[in-house]
Amino acid sequence: TGTDWSHITSQIGMFSYTGLTPKQASACFLDVANKKADELAEIRKENGGKISNGNDVFLLKSGRISMAGLNANNVKKVASVFKRVVDPPKKET
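Scoring rules and cut-offs
- Residues numbered from 1 in each chain as written.
- Predicted model: local features only at pLDDT ≥ 70, side-chain atom pairs only at ≥ 80, totals over all residues.
- Heavy atoms only, no water.
- Helix = DSSP H or I, 4+ residues; strand = E, 2+ residues; numbered from the N terminus.
- Buried < 20%, exposed > 50% of the residue type's maximum accessible area, 1.4 Å probe, protein only.
- Contact = heavy atoms within 4.5 Å.
- Expected span 1.5 Å × (residues − 1).
- Arc of directions from axis to C-beta.
- Core = buried A, V, L, I, M, F, W, Y, C linked by side-chain atoms within 4.5 Å.
- Polar contact = N/O pair within 3.5 Å; in protein donor to acceptor, adjacent residues only side chain to side chain.

Caption draft 1: Summary view of the overall build of the protein chain. Counting secondary structure elements, the protein chain contains 4 helices and 2 strands. In the protein chain, the succession of α and β elements from N to C terminus is α-β-α-α-β-α. Relative to its full complement of 93 residues, the protein chain shows a buried share of 22%. In the protein chain, the share of contacts with a sequence separation of at least 24, taken over all contacts with a separation of at least 6, comes to 65%.

This is the structure in structure tokens:
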């Protein structure tokens with residue numbers, strides 16, 4: 001991403017601050033709190049009964065995440081979501 005992530009590897013403990021802004025952290029998951037019932041029903045219909053589309057990463061708005069929750073099965077997904085919110089695709093003009 002061109003972003004320096006060394007602040008994550010220098011922290012100790014099960015939780016780490018990602019350095020994401022509150023806006024970026026919120027973009028990592030569907031904002032279900034602000035959805036209407038019919039919107040949630042449509043999301044569930046599109047995603048096999050689940051609110052999540054499987055591409056969500058859950059973390060606090062402060063950007064704090066449980067490092068203990070990362071494993072070989074999900075680390076690429078987490079990296080992909082972080083890349084999406086840190087370096088969003090450029091809109092064509």
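Caption draft 2: Quick look at helix 4 (residues 75–86). The first and last C-alpha atoms of helix 4 sit 16 Å apart over 12 residues, in line with the 16 Å expected at 1.5 Å per residue. Considered for burial, the residues of helix 4 that qualify are Val78, Val81, Phe82, Val85 and Val86. The buried residues of helix 4 occupy an angular sector of 130 degrees when the element is viewed end-on, so they sit on one face. Residues of helix 4 that are buried make contact with helix 2 (22–26) and strand 2 (64–66).

Caption draft 3: Spotlight on the environment of glycine 13. As for its position among the elements, glycine 13 is in the loop between helix 1 (6–9) and strand 1 (15–17). Take glycine 13: its relative accessible area is 54%, and that puts it in the exposed class. On a C-alpha basis, the gap between glycine 13 and serine 66 in space is 9.1 Å, while along the polypeptide they are 53 residues apart.

Caption draft 4: The arrangement of the nonpolar core in detail. Leu20, Ala25, Cys28, Val57, Leu59, Ile65, Val78, Val81, Phe82, Val85 and Val86 together form the largest nonpolar core, which totals 11 residues. If one sorts the elements of this core by residue count, helix 4 sits on top with 5 residues. Beyond its immediate chain neighbours, meaning those up to four positions away, valine 57 contacts Cys28, Phe29, Ile65, Lys77, Val78, Val81 and Phe82.

Caption draft 5: How the structure looks around the side chain of threonine 18. Take threonine 18: it is sitting in the loop between strand 1 and helix 2. At a separation of 3.1 Å, a polar atom in the side chain of threonine 18 contacts the main-chain amide nitrogen of leucine 20. For threonine 18, the side chain forms a polar contact with the main-chain oxygen of glycine 63, separated by 2.7 Å. Apart from residues lying up to four places away in sequence, threonine 18 is in contact with Trp5, His7, Ile8, Leu59, Gly63, Ile65 and Phe82.

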